[in-house]
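Residue-level structural notes
Below are the chains, spelled out letter by letter.
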Amino acid sequence: MTITFITGANKGLGRETARRLIELGHTVLVGARDPERGAEAAAALGARFVPIDVSDDASVAAAAADVGKHEGVIDVLINNAGIPGPVGDPGTFSGTEALNVFDVNVIGAVRVTTAFLPLLRRSPDPVIVNVSSGMGSLAYTHDPSRSESKVIAPLYTASKAALTMLTTQYAKALPDIRINAADPGYTATDLTGHSGHQTVTEGTDAIVALATEKPGAGSGRFVDRHGEIAWS
């Protein structure tokens, strides 16, 4: 049975991904910072809750130790936790705000991946899915026909561009693990103020596809619900 750990899984894309993977037979570990919301989501889904704050080294280490003690292995790691940060006029942004966005959206994925690598390497087919965004694509944000070009969110978009590059570098550096990035698309979640034109189920299509691929599928790819897309 495939064991999957998902960060930020108490709501939105993370929770829907958990629900769908459980339906497909995965044993899902719901990672969340808020203990009440995390426990509630896990109970409702039929999953196990593991507390984790991806911005805190000690919390990440404790989560990995918890999974090591109980499951001893994970097959799929989904780095989903993320925050939007401020939008609009960048002249009002502070260094602290910038650090917070990158700490969760990029460094958080580094922390979690490092901590869970020993557990992933116990799997016969280890997989990492980084939940990125077309908002981090230079091509998409410069294409006036796309919704990504209409939004001004400098810190969020920059962090997602960094996460996609991180994915390609990790894929090269860790050839024993399949590592890809997913673009959920413009989805109705708390992060978008529920303004997205896609349902949360549609927004998880790419994540679920990458998490359920057969052994031997490619690494270092950027995928949306329609298939592989260009990194730029």
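Reading the values: rules and limits
- Residues numbered from 1 in each chain as written.
- Predicted model: local features only at pLDDT ≥ 70, side-chain atom pairs only at ≥ 80, totals over all residues.
- Heavy atoms only, no water.
- Buried < 20%, exposed > 50% of the residue type's maximum accessible area, 1.4 Å probe, protein only.
- Helix = DSSP H or I, 4+ residues; strand = E, 2+ residues; numbered from the N terminus.
- Pairing = 2+ DSSP bridges.
- Right-handed = clockwise from strand over helix to strand, strands pointing away.
- Salt bridge = Lys/Arg side-chain N within 4 Å of Asp/Glu carboxyl O.
- Phe/Tyr/Trp six-rings, centres within 6.5 Å; stacked < 30°, edge-to-face > 60°.
- Lys NZ or Arg CZ within 6 Å of the ring centre and 35° of its normal.
- Axes fitted to C-alpha atoms, helices over the stretch in contact; angles between N-to-C directions.
- Contact = heavy atoms within 4.5 Å.
- Polar contact = N/O pair within 3.5 Å; in protein donor to acceptor, adjacent residues only side chain to side chain.
- Parallel < 35°, antiparallel > 145°, perpendicular 65-115°, else oblique.
- Left-handed = near helix turned anticlockwise from the far one by under 90°.
- Core = buried A, V, L, I, M, F, W, Y, C linked by side-chain atoms within 4.5 Å.
- Nonpolar A, V, L, I, M, F, W, Y, C, P; charged D, E, K, R; others polar.

1. Comments concerning the pairing of strand 5 (residues 127-131)
Counting buried residues along strand 5, 5 of its 5 residues qualify, which places the element largely inside the surrounding structure. Strand direction decides the pairing type here: strand 4 (residues 76-79) and strand 5, joined by 4 bridges, are parallel. Bridging across to strand 5, V76 finds its partner in V127.

2. Topic: the pairing of strand 1 (residues 3-6)
The alternating pattern of strand 1 places I3 and F5 and T4 and I6 on opposite faces, both of which are buried. As defined by bridge partners, strand 1 adjoins strand 2 (residues 27-32) across 4 bridges and the pair is classed as parallel. Opposite F5, over in strand 2, you have L29 as the bridge partner. Between strand 1 and its parallel partner strand 2, the chain crosses via helix 1 (residues 12-23), and the hand of that crossover is right-handed. Across 3 bridges, the pairing between strand 1 and strand 4 is parallel. Paired with F5 across the bridge in strand 4 is L77.

3. Here's the deal with the pattern of salt bridges
Close approach of charged atoms lets side chains of opposite charge pair. The tally for this structure, following the rule as stated, stands at 15 salt bridges. Several salt bridges converge on common partners, so that one network encompasses R20, E202, D205 and R225.

4. Overview of the packing of aromatic side chains
If you walk through the whole model with that rule in mind, you get 1 aromatic pair. Over the ring of Y140 we find R146, and its NZ or CZ is 3.6 Å from the ring centre.

5. Quick notes on the sheet that holds strand 5
Reading across from one edge, 3-2-1-4-5-6-7-8 is the order of the 8 strands in this open sheet, with mixed pairing throughout. Either end of the sheet is taken by a strand with one partner, and the two such strands are strand 3 (48-51) and strand 8 (227-229). Neighbour-to-neighbour, the strand axes of the sheet open up by a mean angle of 30 degrees, direction not taken into account. On top of the sheet, helix 4 (residues 95-120) reaches strand 1, strand 4 and strand 5; it is set at about 175 degrees to strand 4, its chief contact. Together, strand 5, strand 6 (178-182) and strand 7 (222-224) form the strand contacts of helix 6 (residues 154-173), whose direction differs from that of strand 6 by roughly 160 degrees.

6. A closer look at the side chain of T167
With respect to the element layout, T167 can be found in helix 6. At 2.9 Å, the side chain of T167 forms a polar contact with the side chain of N130.

7. Notes on the packing of helix 1 against helix 2 (residues 35-45)
The N-to-C vectors of helix 1 and helix 2 enclose an angle of 25 degrees; their axes lie 10 Å apart at closest approach. The orientation of helix 1 relative to helix 2 falls into the category roughly parallel. The crossing of helix 1 and helix 2 is right-handed. Residue-level inspection shows R15, A18, R19 and I22 of helix 1 in contact with helix 2, the latter providing E40, A41, A44 and L45.

8. Some details on the nonpolar core
Counting 25 residues, the largest nonpolar core has F5, I52, V67, I74, L77 and F116 as the members making the most contacts within it. Among the secondary structure elements, those contributing two or more residues to this core are strand 1, helix 3 (57-70) and helix 4. Apart from residues no more than four positions distant in its own chain, F5 is found in contact with L29, G31, V50, I52, V67, I74, V76, L77, I78 and F116. With 22 residues, the next largest nonpolar core counts I6, L21, I78 and V129 among its residues.

9. Regarding the packing of helix 4 against helix 6
Across the interface, helix 4 lies against helix 6 with an axial gap of 9 Å and an inter-helix angle of 20 degrees. The pairing of helix 4 with helix 6 is recorded here as roughly parallel in orientation. When the axes of helix 4 and helix 6 are compared, the crossing they make is right-handed. Residues E97, A98, V101, F102, N105, V106, A109, V110 and T113 of helix 4 form the contact with helix 6, whose participating residues are L155, Y156, A158, S159, A162, L163, L166 and Y170. The residue makeup of the contact of helix 4 with helix 6, split by class, is 13 nonpolar, 3 polar and 1 charged.

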